[in-house]
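What the coordinates show
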Amino acid sequence: MKKNETIDLHMHTTVSDGTDTPEEILARVRDAGIDLFSVTDHDAIKAAGIIPGILSDGDPAFLPGVELSCRDGEGKYHILGYGYDPAAEPINTVVSDGHRRRIDKVKYRLAALKKEYGFTFPDKELEKLFSLYNPGKPHIGNLMVKLGYVKTRDEAIRDYLNKIRTPSAYLRPEEAIEAILASGGVPVLAHPTYGSGEELILGEEMDERLKRLTGFGLRGLEIFYSGFTEKIRAQLLGLAEQYDLYITAGSDYHGGNKLIELGDTGLEEGMPFPAGLRRFLDEVVNTRKA
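This section reports on the structure supplied with the text. (Residues numbered from 1 in each chain as written. Predicted model: local features only at pLDDT ≥ 70, side-chain atom pairs only at ≥ 80, totals over all residues. Heavy atoms only, no water.)

The next point concerns the side chain of histidine 191. Note on placement: histidine 191 falls in the loop between strand S6 (186-189) and helix H8 (203-216). Ignoring sequence-local partners within four residues, the contact set of histidine 191 consists of His10, Glu67, His78, Glu222, Tyr225, Phe228 and Asp252. (Helix = DSSP H or I, 4+ residues; strand = E, 2+ residues; numbered from the N terminus. Contact = heavy atoms within 4.5 Å.)

In structure tokens, the structure reads:
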């Protein structure tokens, strides 16, 4: 890839909590002039099986992706996986377990909303909700707006859904990293400075986190990200060099569910790619292009 080509390796479809289908997101990627993209649905790899079959000659390069939600005693993590084999058993087992946990959490949250706040949901709306592949808090929030319980989805999530303590079953980061590696993929820490809620992880705390995660086999950091300042990127670039990690770039596009544009990664047009990003393109993308 040339230095002035456009990359977006973090986006979501209706397979998780985006509003564009895989077919629609491909059309938007084309229109946005993106040259390399990856769909990283939460705990789901369904799009990785759909998109290669709908690509045409001249379309952007596609890299299979996923975003695995993890937690341990030290906090929350989102681990991106790139370039894995979509047919590999380890990644399929992890996403299957993640799907089950997500469905269980939706059921738990709906029951808690009824018990604690008296919010009820018509059967027809519940059928639509559970017809989604991986429903979550944004979908419940949209339904709460539709039924008049709140004015905005953000209000639903902030004032109600985030206050409901769900069952504690979760995927540990080392399990996510192991499954990605065992499936031939590359594990990357998504939006590294973001922790639980409004938590911002920087300095020594970030250094300690990376020591642990690289010990599990973490291979990269998402440094060019829609929500990051230049100061945050500069600190992360130093850590990527210190730990010899790949660098990736992603917008975290969710369609209408977030005010983020495709390609909004902080990589300016014509900007020379950092060495870690260039290595990722040469060693990961160029050997796995769909």
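Before going further, it helps to spend a moment on helix H3 (residues 89-117). Across its 29 residues, H3 extends 41 Å between first and last C-alpha, which sits within 8% of the 42 Å expected from 1.5 Å per residue. Burial in H3 covers these residues: Ile91, Val94, Val95, Gly98, Arg101, Arg102, Ile103, Val106, Arg109, Leu110, Ala112 and Leu113. Where H3 is buried, its residues meet strand S4 (65-72), helix H4 (123-131), helix H5 (137-146) and helix H7 (173-182). Two residues or fewer past H3, glycine 118 is found with a positive phi of approximately 75°. (Expected span 1.5 Å × (residues − 1). Buried < 20%, exposed > 50% of the residue type's maximum accessible area, 1.4 Å probe, protein only.)

This next bit is on the sheet that holds strand S7 (residues 220-225). Read from one edge of the open sheet, five strands run S4-S5-S6-S7-S8, paired in mixed fashion. At either end of the open sheet lies a strand with only one pairing partner, and these are S4 and strand S8 (246-250). Taken pair by pair, the neighbouring strands of this sheet meet at an average axis angle of 40°, ignoring direction. Contacting S7 and S8, helix H9 (residues 230-242) crosses the sheet at an angle of about 160° to S7. (Pairing = 2+ DSSP bridges. Axes fitted to C-alpha atoms, helices over the stretch in contact; angles between N-to-C directions.)

Taken in spatial order, the three strands of this open sheet run S1-S2-S3, and their pairing is parallel. A single partner strand is all that each edge strand has here, and the edge strands are strand S1 (7-8) and strand S3 (61-62). One ladder, built from two bridges, connects strand S2 (residues 36-37) with S3; its direction is parallel. When the bridges of S3 are listed, leucine 36 appears paired with alanine 61.

Bringing the environment of glutamate 155 into the picture now. Summarising the element assignment, glutamate 155 is placed in helix H6 (residues 153-159). Between the C-alpha atoms of glutamate 155 and arginine 209, which are 54 residues apart in sequence, the distance is 31 Å.

This brings us to the packing of H8 against H9. The interhelical angle for the contact between H8 and H9, taken along N-to-C directions, is 35°, at an axis separation of 11 Å. Judged by the twist between their axes, the crossing of H8 over H9 is right-handed. On H9, the residues touching Gly203, Met206, Asp207 and Leu210 of H8 are Gln235, Leu236, Leu239 and Gln242. Class assignment for the residues of the contact of H8 with H9 results in four nonpolar, three polar and one charged. (Left-handed = near helix turned anticlockwise from the far one by under 90°. Nonpolar A, V, L, I, M, F, W, Y, C, P; charged D, E, K, R; others polar.)

Here S4 lies mainly inside the structure; six of its eight residues are buried. Examined bridge by bridge, S4 and strand S5 (residues 75-82) share eight bridges and lie antiparallel to one another. Within the sheet, the bridge partner assigned to cysteine 70 lies in S5 and is tyrosine 77. What sits between the antiparallel neighbours S4 and S5 is a turn of two residues.

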